[in-house]
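# Observations on chain architecture
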Amino acid sequence: MFRAARAAEPIRLLALGDSLTAGYGLPPGQGFVPQLQRALAGRGRPVRVIDAGVSGDTTAGGLARLDWALADNPQAVIVELGGNDGLRALPPAQTRANLAAILDRLKARGIPTLLAGMLAPPNLGAEYGREFAAVFQDLARQHPEVVFYPFFLDGVAGEAALNQPDGIHPNEKGLAEILRRFVPAVETLLERVPRPPAG
């Protein structure tokens, strides 16, 4: 009985991110974290998604609070950071260094990780856009142990009907589309969580 109950315990999945993770502008209970948890439950995966999303956070902010976020002893981590670095036109090398430090710490702890990529706003120019996108692509190559989802807002960015009036944050329809595309990558991540020993 004890072993069965233990096996049924939800996996603790930390979502370390910015306003996209925090569910900015969405009704209570309808943001990314609760919706992801429900979507996974609907696929027969008991998961407790821990909300470590802070609106306005940069990769530097995520790195600064990583140890605090890990106090919940997550068994897997989603890293969704970088959007605010792009909006502020921060140097891509700085974004790269912060994300690399986060991934290095998670790897050292043996925590399976999903890295969600981001693209820079087009108004910052093609060269900045290429350098910014390369940050995530290069990190994914350097960390083959990481599940890489190339663009968190895939299918939603630039679609007025799927975004709030600010044109940056998804509305409820947009979030549903993000989850439709994103959940399979999360399932790949969850498959990498070690199973509790039998017996």
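Residues numbered from 1 in each chain as written. Predicted model: local features only at pLDDT ≥ 70, side-chain atom pairs only at ≥ 80, totals over all residues. Heavy atoms only, no water.

### With respect to the pairing of strand β3 (residues 76-80)
- When you tally the buried positions in β3, you get five out of five residues, the bulk of the element.
- Across the two faces of β3 the burial is the same, with A76, I78 and E80 and V77 and V79 all buried.
- For strand β1 (residues 11-17) and β3, the ladder comprises five bridges, and the chain directions are parallel. Residue pairing across strands places G17 opposite E80, the latter belonging to β3.
- Of the strand pairs in this sheet, β3 and strand β4 (residues 113-116) are connected by three bridges, and their pairing is parallel. Residue I78 lies in a different strand from β4, and its bridge partner there is L114. (Buried < 20%, exposed > 50% of the residue type's maximum accessible area, 1.4 Å probe, protein only. Helix = DSSP H or I, 4+ residues; strand = E, 2+ residues; numbered from the N terminus. Pairing = 2+ DSSP bridges.)

### Some remarks on the nonpolar core
- Counting residues in each nonpolar core, the largest one holds 58 residues, and the members touching the most others are L13, L36, L114 and F182.
- Take this core: its biggest share by element is nine residues, from helix α9 (residues 172-190).
- Filtering out sequence-adjacent residues up to four positions away, F182 remains in contact with F32, I78, L114, A116, Y149 and F152. (Core = buried A, V, L, I, M, F, W, Y, C linked by side-chain atoms within 4.5 Å. Contact = heavy atoms within 4.5 Å.)

### Observations concerning the pairing of β1
- Of all seven residues in β1, six are buried, a share of seventy percent or more.
- Where β1 lies against strand β2 (residues 47-53), seven bridges are found, and the strand directions are parallel. Bridged to A15 within β2 is D51.

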